Structures are given as C-alpha cells and as structure tokens.
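One-letter residues, chain by chain:
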Amino acid sequence: MSPPEYMPPGENDVRSPCPAINALANHGILPRSGKDFTMSRLIDALRKGFNLGTALATWLAFWAFLFYGKFFRTMSLSDLHVHGILEHDASLSRQDDAIGDHIKVDKDLVDLILSQKIDGKINTESLAKLSKIRQADSKERNKDFNFGWKQKTLAFGEYSLFLHTIGGATNKEVDAKVVEILFKEERIPDDWKMPETPVELFKVLRYQKDIEKKYEELNHE
Ligand code: HEM
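Residues numbered from 1 in each chain as written. Predicted model: local features only at pLDDT ≥ 70, side-chain atom pairs only at ≥ 80, totals over all residues. Heavy atoms only, no water.

Enquirer: Any details on the coordination of the iron atom of the ligand? Residues and values, ideally.
Expert: Of all protein atoms, C18 (SG) alone acts as a donor to the iron atom of the ligand, lying 2.3 Å away. As for its position among the elements, C18 is in the segment before α1 (19-26). (Donors = N, O, S within 2.8 Å, 3.2 Å for Na, K, Ca; no water. Helix = DSSP H or I, 4+ residues; strand = E, 2+ residues; numbered from the N terminus.)

Printed below as a string of structure tokens:
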C-alpha cells in the first residue's frame with residue numbers, strides 16, 4: 001500500500017534533523033505541521049509508516065519524550081533541534097551545529113553518502129566507512145567536535161534502524177536511489193517496500209554491534 005500524498009513542508013511547518021521522521025510528516029503520517037503530537041501518535045506513525053514493531057516504536061518514542069522533557073505532554077519536530085540530546089556531530093547528511101546548519105539536509109553530504117555505494121546499495125560497510133569520513137572531516141573543521149561513546153552509540157543506532165527499516169525488505173542494504181530520495185526530499189519513494197514483518201527492537205540493538213564491529217575492522221585494514 002502506498003503512503004498518503006507527499007507534500008514538502010510549508011512556511012510555518014517545522015522539521016527535525018531526522019530524515020525518516022521528517023518523511024513521516026511530509027506524508028501526513030505525523031502531523032504535516034510537525035507540531036504538537038502525542039507519544040501515542042508517534043508510536044502509531046512509526047508502526048504505520050515503517051512497520052516498526054510495537055516494542056521498538058514504543059522504546060524510541062519513550063526515550064525521545066523523556067529526553068526532551070515532554071512526558072505526558074506533546075512534542076514538535078523542532079524540539080529535536082537541541083544539540084547534544086539526540087542531535088550530534090559528524091551526522092551523515094547535516095553539518096555540525098558549531099559550523100553550519102545541523103537541521104536541514106546538506107545535499108553535497110548526501111552525494112558523499114552515495115559515493116560510498118557498493119553494487120548500487122548503501123550497506124553496513126558503506127555506513128561504517130562514512131562514519132569514519134564524517135568524523136575525520138568534523139575533527140578538522142569543528143573545534144568543538146564531540147563524538148564520544150554516547151554520540152557513537154546514537155549514530156550506530158540510527159544506522160541500524162535505517163538498514164532494518166528502510167532496507168527492511170532486503171538484506172540490510174538500501175538502494176542508492178531510495179537513499180537519495182529519502183535524504184534529499186524526505187519522501188518515501190513510490191516503489192519502496194515496507195518491511196514485511198514488524199521490525200524488532202532486539203534485532204536493531206544487536207545489529208548496532210555488528211556495525212560497530214565493521215567500523216573497528218576498518219581500523220585494521
Ligand atoms: C524508523 C524510524 C527512524 C529511522 C529509520 C531513523 C533514521 C535516522 C537516520 C538514518 C539518521 C541519521 C541522519 C544523518 O546522520 O544525517 C537519524 C537522525 C536522527 N534521528 Fe532518526 N530515525 C528514526 C526514528 C527517530 C525517532 C523516533 C526520533 C525521535 C523522535 C529520531 C530522532 C533523530 C534525531 C534527533 C536525529 C539527528 C541525529 C544527528 O545529529 O545526526 N529518529 N535518524
């Protein structure tokens with residue numbers, strides 16, 4: 001089933017540094033305004049939009065609402081702008097907060113992601129390499145660069161979630177065209193296939209370690 005109609009954000013709509021959540025708002029699966037949604041609305045959107053399992057959707061939404069002090073309240077995508085809570089340096093598609101726009105996509109950085117495709121796909125190896133490239137670049141240009149244990153855990157968690165969800169109908173790889181559309185337009189591609197079975201929390205957490213292993217292996221190559 002194809003998602004509801006895609007509409008880019010209007011002047012008063014707000015978006016976040018997360019391409020996936022923004023896509024949910026651009027398709028109206030989250031409010032198109034990006035504003036004032038409840039935790040259960042976010043859980044529902046993650047399940048409907050990307051076929052996340054209930055445990056995974058609840059786990060993500062719970063931590064987000066807790067971290068941003070929004071428990072029992074509503075959240076807006078602009079709440080996710082704050083640097084240092086979930087938003088971190090050396091993102092794949094955004095500049096660091098200290099040196100550029102850390103919210104909006106940088107299309108040249110998306111081209112950098114695409115330059116690491118292997119057989120037309122972005123996979124674990126591409127992401128492990130990209131993390132190294134992005135960290136080296138940030139270290140050079142950002143005197144406030146911060147990428148410790150917390151940031152690394154968040155980044156590898158995002159990659160794992162991405163490969164399981166967006167690459168859900170495949171063997172943890174995402175077609176380069178899908179990456180381009182999701183990151184540059186924050187749109188769910190028409191021919192994208194949703195994971196057939198709900199994405200499970202423990203699989204995403206376990207795979208995070210596999211990405212870390214691949215990343216460590218690159219140090220020895
Ligand atoms: C299926 C669900 C999700 C997927 C596939 C996903 C995917 C991603 C990816 C791939 C990135 C990295 C972007 C980059 O490095 O340029 C990212 C970043 C981010 N995500 Fe998500 N995400 C999901 C759900 C969420 C949720 C539920 C939240 C919180 C409500 C969230 C908040 C963020 C934030 C704040 C960032 C920015 C981190 C940074 O500084 O790079 N994401 N997400």
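That shown, we press on.
Enquirer: Give a detailed account of the UniProt feature "transmembrane region" (unreviewed entry) in the protein chain, specifying residues and quantitative values.
Expert: Per the UniProt entry, the sites bearing "transmembrane region" (unreviewed entry) are residues 49-68 in this numbering. Structurally, residues 49-68 comprises 80% helix and 0% strand, and the distance from its first C-alpha atom to its last is 23 Å. (UniProt positions renumbered as here; feature names shortened; annotations may be inferred.)

Enquirer: I'd like to hear about the site of the ligand, residue by residue, with values.
Expert: In the neighbourhood of the ligand, 19 residues make up the surrounding shell, with C18, H88, S91, L92 and S93 lying closest. Side-chain polar atom of S93 to an oxygen atom of the ligand: 2.6 Å apart, as the coordinates give it. Mapped onto the shell around the ligand, the elements with two or more residues apiece are α1, α2 (39-50) and α6 (149-165). For the shell around the ligand, the leading source of residues is α6, giving four residues. (Near = heavy atom within 4 Å. Polar contact = N/O pair within 3.5 Å; in protein donor to acceptor, adjacent residues only side chain to side chain.)

Enquirer: With reference to specific residues and values, describe the UniProt feature "domain: Heme haloperoxidase family profile" (unreviewed entry) in the protein chain.
Expert: Residues annotated in UniProt with the feature "domain: Heme haloperoxidase family profile" (unreviewed entry) correspond here to residues 2-206. This span, residues 2-206, is 46% helix and 2% strand, and a straight line between its end C-alpha atoms measures 30 Å.

Enquirer: Describe the nonpolar core, naming the residues involved and giving the relevant values.
Expert: With 56 residues, the main nonpolar core has L30 and F162 as its most contacted residues. Going through the elements one at a time, α1, α2, α3 (54-67), α4 (107-115), α5 (124-141), α6, α7 (176-185) and α8 (201-219) are the ones with two or more residues in this core. Looking at this core, the element that brings in the most residues is α8, giving six residues. With residues up to four places along the chain from it excluded, the contact list for F162 reads L127, G167, V174, V179, L182 and F183. (Core = buried A, V, L, I, M, F, W, Y, C linked by side-chain atoms within 4.5 Å. Buried < 20%, exposed > 50% of the residue type's maximum accessible area, 1.4 Å probe, protein only. Contact = heavy atoms within 4.5 Å.)

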